[in-house]
Amino acid sequence: MSTIVPREGGGYRIYTKGASEIVLKKCAFIYGKDGKLERFSREMQDRLVKEVIEPMASDGLRTISVAFRDFVPTKADINQVHYEVEPNWEDEENIIANLTCLCVVGIEDPVRPEVPEAIRRCQRAGITVRMVTGDNINTARSISMKCGIIRPGDDFLILEGKEFNRRIRDASGEVQQHLLDKIWPRLRVLARSSPTDKFTLVKGIIDSKLSVNREVVAVTGDGTNDGPALKKADVGFAMGVAGTDVAKEASDIILTDDNFSSIVKAVMWGRNVYDSIAKFLQFQLTVNVVAVIVAFVGACAIQDSPLKAVQMLWVNLIMDTLASLALATEMPTSDLLVRKPYGRTKPLISRTMMKNILGHACYQLIVVFLLLFLGPEIFDIDTGLHAKPTDPPSQHFTIIFNTFVMMTLFNEINARKIHGQRNVFSGIFGNPIFYVIWLATAALQVLIVQYGGQAFSTSELTFDQWMWCTCLGCGVLVWGQLVTTIPTKRLPKCLSWGSGSPEEIAASVSLMDDSLTGADSKDSKRTGQILWIRGLTRLQTQLRVVRAFKSTLEDMEERRSVHSLHSLHSLRSSRSHPGNRPLSDISYIDEDVKTPSPNDYPYEQQQAATNNTSKQSQAANISPLSISPGVESDPHVPCSDTVSLVDRQIYPNGMTTATPTVPTLMSTPAAAASNINNSKLNNNENVLIQPPKVHETSI
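Residues numbered from 1 in each chain as written. Predicted model: local features only at pLDDT ≥ 70, side-chain atom pairs only at ≥ 80, totals over all residues. Heavy atoms only, no water.

Helices and strands together make up the secondary structure of the chain, namely 22 helices and 17 strands. Taken across its 699 residues, the chain has 38% of its residues classed as buried. Across the chain, every contact between residues at least 6 apart in sequence was considered, and the portion connecting residues at least 24 apart equals 69%. (Helix = DSSP H or I, 4+ residues; strand = E, 2+ residues; numbered from the N terminus. Buried < 20%, exposed > 50% of the residue type's maximum accessible area, 1.4 Å probe, protein only. Contact = heavy atoms within 4.5 Å.)

Below, the structure written as structure tokens:
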């Protein structure tokens, strides 16, 4: 970085600071012993680098050189530049040259005491930490050693930006993925790197095909130049205190304390959320499997369900609401950072979870069916099989319901562990929400069984029956230890469910992947599902459009019917009073009656000319009648309130033409009464004359 300031005696002085080995190469002079100005030769530069800069960098100090250059309008010294016209400050190559070195300083950025432990926890959790910096390679090596990024005896690689680009680019300067794949697995420190190098490394790791599961890359940054890398990474961490706005906008998570240990907390919470979802799925699917099989077998075997509708609602309340609150509020523990991270294509329901689901479902089904068919003999009670709907609730079915709920409650404790841990009670008292909900659910179950009565289809149980139900429920905990003993690795992989990369899942959900045809049978099956869902979606869209269009047409027809009714009454009024109108009505006639031309209907006009002249004169005085579509009106019957949208003209040859009615405002009631008298015509007279278009306003 360079800054230009004016000199007191005239002229300008430019100060430059930056990486020591880079600034020293631009220096031609240096102040030596006793402040004497000397030439700064190449040998002196090399000696300064080896004797000063490298030892300071090896101690973890960031070395910075400070230099200057004077531009004077008068006589110039050996390290000054004379100018007649103000120099072109944009010409950086010539301006920042032949500098005079003032000093080399070492700045220590001490490592925070919590950072080494945080990095060790990340490494123990299966996270590889890499350092990408612009510092000297010796400084970067020293800092990485202090942080624990590299350790003696490890197989690691430390490179500078120039060497990194030389190894990953071909002769044309393009980055080659196969060359990058040879470097990034062992690379731990990248020094003297540019923002482009950081972006290239992130993109190369994401695009790499070395491992079956693609690497998930997280990047930290605080500067504007870190924006591309933060945006490209799967997870971007920006510094909330020292970070720029560009870095914060490009990131996904902002560290408010600028501390690396916060990243470890984010990893721990992310794994805890994933495990909470898996715990709830394991618990819910176990209850669903048991409930569905019991209901199906009961319907087939005894034509009745051992679990009534209200009882199933209570079970669903435990399963969906209370259990989700209890299992999803588990606080993260340090044990989450001991195992390896989940892969991007890892099944949502693992083989361990499926083993627990099927194992506990088998135990609960055996207990329920034993109670269903052998319960009356075991407890010496009346059977509830083949009971009538009007019969009171039986103790037989109440014991089945109570035992099933007890097994569900104790299985909720088993569901707290999904990775094969044997101690299911570990940390249970560290989550008060869990044990409060568990105890409250158990208390409500007692109230429902003892006092539910007809509402919950339950009957009171004795103390001995309660003990049997509780012991059978506690058996889930013992059975869980036996299920955990089964080795998961020997189970077939087909038991897992929900595997696939996020890209494939997103493509299936969005239904935008149209290039799946012509693949193997699995891809063909997926294509058929996508096409079926797409067709169903289009059909639903078309139905919604038809409903909306139909509703619009009905509204338009209703409005036009109202206007036609007003038009009919107004037109009858105007024809029944051809003389002066009342002072309260003001009419404006815009156009005359249109006389049909001979060219419109030549055949009809010729036939009409042979008719009687008196009939034509009578037809001229006929007021238009209300005609319903498809039904001829009776001229002797008064007009009803139903008005058609068209007026029909019937010609002697049998042809009929329709003319839209002209909407007007309603006239006086007397006109409507006189119109009835004028409408009594002979049945043979079926000629209708089109009325004039009248715009009328009533005051």
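Moving on: the nonpolar core. By size, the foremost hydrophobic cluster in this structure holds 48 residues, and its most contacted members are F283, I399, F401, F404, V405, M407 and I413. Elements with a minimum of two residues in this core: helix 11 (261-301), helix 12 (309-328), helix 13 (351-379), helix 14 (395-414), helix 15 (432-451) and helix 17 (463-485). Contacts of I413, omitting those with residues within four sequence positions, involve V424, F425, F434, W438 and L477. Residues I183, L190, L201 and L230 belong to the second largest nonpolar core, which totals 21 residues. (Core = buried A, V, L, I, M, F, W, Y, C linked by side-chain atoms within 4.5 Å.)

Right, let's talk about the packing of aromatic side chains for a bit. Tallying each qualifying case throughout the model produces 9 aromatic pairs. Counting every residue linked through ring pairs, the aromatic cluster contains Y12, F71, Y83 and W89. The ring of F434 is capped by R416, whose NZ or CZ atom sits 5.5 Å from the centre of that ring. (Phe/Tyr/Trp six-rings, centres within 6.5 Å; stacked < 30°, edge-to-face > 60°. Lys NZ or Arg CZ within 6 Å of the ring centre and 35° of its normal.)

In this fold, T63 is placed in strand 5 (residues 61-72). Take T63: its relative accessible area is 6%, and that puts it in the buried class. At 2.8 Å, the side chain of T63 and the side chain of S20 are in polar contact. (Polar contact = N/O pair within 3.5 Å; in protein donor to acceptor, adjacent residues only side chain to side chain.)

Across the sheet, 3 strands lie side by side as 8-10-9; this open sheet has parallel pairing. The open sheet has two edge strands with one neighbour each: strand 8 (131-132) and strand 9 (157-160). Sheet analysis places strand 9 next to strand 10 (residues 187-191), joined by 4 bridges and oriented parallel. Note on strand 10: the bridge partner recorded for E160 is A191. (Pairing = 2+ DSSP bridges.)

If you walk across this open sheet you meet the 3 strands as 11-12-13, and the pairing is parallel. At either margin of the open sheet sits one strand with a lone partner, and together these are strand 11 (218-221) and strand 13 (253-255). When strand polarity is set aside, the average angle formed by the axes of neighbouring strands in this sheet is 25°. Direction of pairing for strand 12 (residues 235-239) relative to strand 13: parallel, over a ladder of 3 bridges. Bridging from a neighbouring strand, A238 pairs with I254 of strand 13. (Axes fitted to C-alpha atoms, helices over the stretch in contact; angles between N-to-C directions.)

To continue, consider the packing of helix 13 against helix 17. One way to put it is that helix 13 packs onto helix 17 with a least axis distance of 10 Å and a crossing angle of 150°. Here helix 13 is positioned roughly antiparallel relative to helix 17, judged by the angle of their axes. At the point where helix 13 passes helix 17, the crossing takes the right-handed sense. Across the interface between the two elements, K355, N356, G359, H360, Y363, V367, L371 and F379 from helix 13 touch Q465, W468, L472, G475, V476, W479, G480, V483 and T484 from helix 17. Taken together, the residues of the contact of helix 13 with helix 17 sort by class into 9 nonpolar, 7 polar and 1 charged. (Parallel < 35°, antiparallel > 145°, perpendicular 65-115°, else oblique. Left-handed = near helix turned anticlockwise from the far one by under 90°. Nonpolar A, V, L, I, M, F, W, Y, C, P; charged D, E, K, R; others polar.)

Residue-level pLDDT values for the chain average 78, and 72% of them are 70 or greater. Within the model, pLDDT remains below 50 along residues 576-699, and this stretch shows 157 contacts once partners closer than five positions in the same chain are excluded. (pLDDT = per-residue confidence, 0-100.)

What follows is about the pairing of strand 1 (residues 2-6). Pairing between strand 1 and strand 2 (residues 12-19): 5 bridges, direction antiparallel. The residue bridging V5 from the neighbouring strand is R13, located in strand 2. The hairpin formed by strand 1 and strand 2 contains 5 residues between the paired strands, and G10 there has a positive phi angle of roughly 105°.

Within helix 4 (residues 115-124), the full set of buried residues consists of V115, P116, A118, I119, C122 and Q123. The buried residues of helix 4 all sit within an arc of 160° when viewed along its axis, so they share a single face. On the buried face of helix 4, the contacting elements are helix 5 (137-147) and helix 11. One or two positions beyond helix 4, positive phi appears at G126, with a value near 90°. (Arc of directions from axis to C-beta.)

Topologically, K279 is positioned in helix 11. Here K279 occupies a buried position and makes no salt bridge, while the nearest side chain of opposite charge, E330, is found at 4.7 Å. Beyond its immediate sequence surroundings of up to four residues, K279 is in contact with L327, E330, A415, R416 and I418. (Lys, Arg positive; Asp, Glu negative; His and termini not counted. Salt bridge = Lys/Arg side-chain N within 4 Å of Asp/Glu carboxyl O.)

All right, on to the environment of A28 then. Mapped onto the elements, A28 comes out in strand 3 (residues 27-31). Take A28: its relative accessible area is 16%, and that puts it in the buried class. Sequence separation of A28 and N79 is 51 residues, and the distance between their C-alpha atoms is 8.2 Å. Once you skip the residues sitting within four places of it in the chain, A28 turns out to touch E38, R39, F40, N98 and L99.

What follows is about the pattern of salt bridges. Scanning the model with the defined rule gives 16 salt bridges in all. One salt bridge connects E163 with R167, and the closest N-O pair in it is separated by 2.9 Å. Placement of the pair is E163 and R167 together in helix 6 (residues 161-168), with a separation of 4 residues, close to one helical turn. K198 is paired through a salt bridge with D226; the nearest N and O atoms lie 3.4 Å apart. Of the two residues, K198 is situated in helix 8 (residues 195-207) and D226 in the loop between strand 11 and helix 9 (227-232); the sequence distance between them amounts to 28 residues.

With that out of the way, let us pick up a nonpolar patch on the surface. A contiguous nonpolar surface patch, about 470 Å² in accessible area, is contributed by I366, L370, F373, L374 and I378. Mapped onto the elements of the fold, L374 is located in helix 13. In this structure L374 comes out as partly exposed when scored by relative accessible area, which is 43%. (Patch = residues over 30% accessible without salt bridge, like charges linked within 9 Å, V, L, I, M, F, W, Y side chains within 5 Å. Areas by Shrake-Rupley, 256 points an atom, 1.4 Å probe, with all protein chains shown as cover.)

Throughout the structure, instances matching the rule amount to 0 disulfides. Here C474 is not cross-linked by a disulfide; its sulfur's nearest cysteine counterpart is in C471, at 6.3 Å. Judged by its relative accessible area of 30%, C474 falls in the partly exposed class. (Disulfide = S-S within 2.5 Å.)

Okay, the packing of helix 2 (residues 42-58) against helix 5 next. Orientation of helix 2 relative to helix 5, taken along the N-to-C sense of each, is 20°, at an axis distance of 7 Å. One way to sum up the angle between helix 2 and helix 5 is to call them roughly parallel. As for the relative orientation of helix 2 and helix 5, their crossing is right-handed in sense. Where helix 2 approaches helix 5, its residues E54, A57 and S58 are matched on the opposing element by N138, T139 and S142.

Burial of helix 5 is extensive: 8 of the 11 residues sit out of reach of the surface. Of the positions making up helix 5, those classed as buried are I137, N138, T139, A140, S142, I143, S144 and C147. Next to the buried residues of helix 5 lie helix 2, strand 5, helix 4, strand 8, strand 9 and strand 10. Put simply, N136 is the residue that caps the front of helix 5, since its side-chain oxygen is 2.7 Å from the backbone nitrogen of N138. Two residues or fewer after helix 5 comes G148, characterised by a positive phi angle close to 90°.

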